Structure formats: structure tokens, C-alpha cells
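Coordinates in review
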Amino acid sequence: MENSEQQNTVPAPQFRPPGCGVLLLLIVVVLLTISYFKCEAPVKIENQEIVDVSPTVIKQLQIRKEWCFREIAMEETSEIKGITGSLLKRYYGVMRLGVKLDSINENYVQFYKNEQVLTIQLPKIEVLDDNFIDETKTETLVENAWTKFNNEELKRCFNQAKRKMIENNFTTKNIELAEDQGKTEIKRLVKSSGYSGKIEVEFIK
Amino acid sequence: MILLVTTRCQNPNKQSVQYSDIIAVTQRVSKLYTAEVIVSKEVFMSSELVAKIIGNQYNIGEKSILLPYKIKVKAYIDFNKVGKDNFQVYTNQIEVNLPSPEIEITSIELDFDNIKRNVSWYRKDFSSKEIDSLSKYALKGLQWSDNETFSLMQEAEINAKRTITKILTDKGWNEDNIEIIFDKNYILN
């Protein structure tokens, strides 16, 4: 009895404007229909990339007086931490050890001759140039997709690798090896120029 | 959501990968570097995200980056190629025959202070990996004119002459009696 009363109280259906969902559905249907006839995807997203390289610009020409006795090809990993992850990169470079011939005024090579021995004094072994990394070979090993590193952080990672390369390779052993090669080379040069006596080579420490 | 992402990324049980730090190959050389040029090179990359809706194009986000590089190129005399045969010693005169200078790139470094980035807020910023791959372009088209090569080689020869002459005069030779010639003479040519 109650049910029949309720049924009687249901209001008559009224016209309601279509909601957003229906409108969207209509738009999609229209797009699909047009694309069907045009035989292409209705919405296509493309990434248009351009890479441009500037012409070669020579900034400065400088005189160098460096005699390199040892080349050390290195690779080094460097890690920095971000807020949600870390960045691990591998760098490559060639460090050159030798003597800077203009380092001690103009008298970079000193000759002392006593009765028996010609003593040649050379400047100390140094890293000839602080710029030795080849960025075209750098690799990113680990990088968190959520963390992006700004220029300052990338510079920190790079400088950290460079510092480690110098610490690990500008060692007493490598300095001694460079000195040995330096001694051989300077003796060879002086002997080739006609000297046949005994030669001793020493490096300023 | 942010909390979920950050906790997912910071897994305390995850072991970090250990890479060997000391990998180096040493080589005995004898190179007399006498001249250097610093070359500046820029790599520019722009990426536009375009939506194509039924033939019409809409730009929905762009990003671009300018990477400046400093490339060092040095000229040197390879003394490994110099032996006794290169020296002709006469009573009062010495003649040194040196090989022509050679050129090598000694470093390619990014000038981090002058990198320029422009990224739309809804685009992902440039990753380290993307910058690495762009660095490969730094050497593309690295060339200079004959005049510039000539200047570098000429400077290299003049300085090599000065350096060797200085060593020989310190050793006791009179400067007027020292003659240094190169295999291919850039100064005379």
C-alpha cells in the first residue's frame, strides 16, 4: 500500500542540460570521427629539438715553456647528494707532470761544473695545467629522476672529481717517475750536444 | 603524494654501488709544450613540445640551454723523436734538427658559471645525462683557418728555438754558433 503511494509521488521527468562529462564525450567522438576520415591521430605530441654549435673562436694565443715527462690518463667518479637523491658521474682526463721552464726567472736550467761532474738543476715537478678534464667523455652513472642539479651543483661535482684526480695521481711515486724521465731526457739532450763527461741532474724541491 | 615519492626514493636498505676510484694509466713522454691557444665553443640546444590537433600546431612548452666550453689546444715538440742524429756538432758550431711541432687538445671543460637555461615551469629541467650528451657536440666543427694554424705553429717554433737555445747557451755554447732548424719550417714558409 505504502509502495503504491510512493510511486504516485515520484515527479514527472524534466529536461536537464547535459553535464561536462557528456560534453567532453561529444568532443572526443567528434575528434575521433574527423581523425577517422583524415586518417591521422587526433592529438599528436612531438618534441622538436635543435642542436646548434657555434663556430670556432680562438680567444688567445699564449707562449708556453713546459717540458712534460709523464702523462697520466685518469678516470674518476664523483658523487654529490641532493634533497631526494644523489648524482654519480664519471670524468676522464689526462694529467701532465713536468717542469715549467720559465718558473725560476729566466735561469730555469742551472749548470754547475766542477772538475769531474756537470750538475744540472731543474725546477720542481708540477702538474703542468689545472685544466685536464675532457668533458666530451663524461658519463652520468646514477641520477635520480626527481632531483635536478643546478649549475652550481654540477660545478661542485666536477671540482670534486678534479681534486680527487690530483690527490690520487700527483703522488710521490709519480713525481719520482717523472723526475727519472726528466733526468734521462736532459742527459740525452746535453750528451747529444757534444758533452761526453759525467752528468748529474737534480730537481729543486 | 610528495611524502610517498620521497620515502620511495630514500630506501635505507638500498646499498650504494661502489666504483673503483683509482684507475689511471701512466706513460713516459718527452714533450716540450711551446704554444697554447684557448678556443671557445658554445653548444645550444632548444626543445619545443608541440601538440598537433587535427593539423593545427600548438606550442605547449619549451626549454633551451646554452653550454659554453673552453678548449685548450697546445703545440709541442716531441723529444722522443729527437736522437743523436738530430745534432750535428762541429768545432765551433752546433746544428739541431728538430721535428715539426705537433698539436693536441689537452682539455675540454665546461664553463659552469656561464651556462644559461630557460625551462618552462611544466617542462622537466635538463638532466645531467642530457648535458653529457650535448658535450659530445663541443668538438663538432672544431677547425680554424690556415692563418690561425700558421700563427700557432710559428709561435711554437719560435719558442722551441728560444728554449733550446737557452739551454745550450747555459751549457756553454755561443748563441751565434747555434743553428736550429725544423723538418717543415713554418717560419720560412
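Computed from a prediction, not measured in an experiment: that's the story for all the values here.

What counts as what
Residues numbered from 1 in each chain as written. Chains lettered and ligands numbered in written order. Predicted model: local features only at pLDDT ≥ 70, side-chain atom pairs only at ≥ 80, totals over all residues. Heavy atoms only, no water. Helix = DSSP H or I, 4+ residues; strand = E, 2+ residues; numbered from the N terminus. Contact = heavy atoms within 4.5 Å. Areas by Shrake-Rupley, 256 points an atom, 1.4 Å probe, with all protein chains shown as cover. Salt bridge = Lys/Arg side-chain N within 4 Å of Asp/Glu carboxyl O. Polar contact = N/O pair within 3.5 Å; in protein donor to acceptor, adjacent residues only side chain to side chain. Nonpolar A, V, L, I, M, F, W, Y, C, P; charged D, E, K, R; others polar. Expected span 1.5 Å × (residues − 1). Buried < 20%, exposed > 50% of the residue type's maximum accessible area, 1.4 Å probe, protein only. pLDDT = per-residue confidence, 0-100.

Per the secondary structure count, chain B includes 3 helices and 7 strands. Beginning at the N terminus, the succession of helices and strands in chain B can be written as α-β-β-β-β-β-β-α-α-β. Considering only contacts in chain B between residues 6 or more positions apart, those separated by 24 or more positions represent 77%. A total of about 10300 Å² of accessible surface is found on chain B, and carbon and sulfur atoms cover 48% of it.

Further remarks concern the interface of chain A and chain B. Every contact between the two is made by 93 residues of chain A and, on the other side, 99 residues of chain B. Where chain A touches chain B, the interface holds 10 salt bridges. With its nearest N and O atoms 3.0 Å apart, the salt bridge here joins D113(B) to K155(A). The interface formed by chain A and chain B includes 47 residue pairs in polar contact (both at pLDDT 80 or more). Put simply, the parts of the chain that give the side of chain A that touches chain B at least two residues each are α2 (20-38), β1 (43-53), β2 (57-81), β3 (86-100), β7 (139-143), α3 (151-169) and α4 (172-192) of chain A. For the side of chain A that touches chain B, the residue count by class is 38 nonpolar, 23 polar and 32 charged.

The next thing to look at is α3(A). Residue and element names in this part refer to chain A. Compared with an ideal rise of 1.5 Å per residue, which puts 19 residues at 27 Å, α3 spans 27 Å between its outermost C-alpha atoms and is within 8% of the ideal. Within the sequence span of α3, burial applies to N151, E153, L154, C157, F158, Q160, A161, K162, M165 and N169. Its side-chain oxygen placed 3.1 Å from the backbone nitrogen of E152, N150 serves as the N-cap of α3.

With that settled, the discussion passes to the confidence of the model for chain B. Residue and element names in this part refer to chain B. Across chain B, pLDDT averages 82, with 85% of residues at or above 70. Considering only residues more than four positions removed or in separate chains, one finds that residues 1-21, a stretch of pLDDT under 50, has 17 contacts. Here the complex is predicted with pTM 0.78, and the ipTM for its interfaces comes to 0.80.

A separate point is the pattern of salt bridges. Under the counting rule described, the total for this entry stands at 25 salt bridges over all chains. Ionic pairing is found between K89(A) and D132(B), a salt bridge with its closest N-O pair at 3.0 Å. Highlighted residues: K89(A) in strand β3 and D132(B) in helix α2 (residues 128-135), drawn from two different chains. Both residues of the pair, K89(A) and D132(B), belong to the buried class. Across the pair D129(A) and K72(B) runs a salt bridge, and its minimum N-O distance is 3.0 Å. With one member in each of two chains, D129(A) in the loop between β6 (126-127) and β7 and K72(B) in strand β2 (residues 56-78) form a pair that bridges those chains. Grouping residues by exposure puts D129(A) and K72(B) together as buried. Through salt bridges with shared partners, a single network forms among R64(A), E66(A), D129(A), E36(B), K72(B) and K74(B).

Below, the discussion takes up the side chain of T138(A). Inspection of the secondary structure assignment puts T138(A) in the loop between β6 and β7. Among the residues examined, T138(A) registers a relative accessible area of 1% and is labelled buried. A polar contact is formed between the side chain of T138(A) and the side chain of E135(A), at a distance of 2.8 Å. Sequence-distant contacts of T138(A), defined by excluding residues within four places in its chain, comprise K89(A), R90(A), Y91(A), D132(B) and K136(B).

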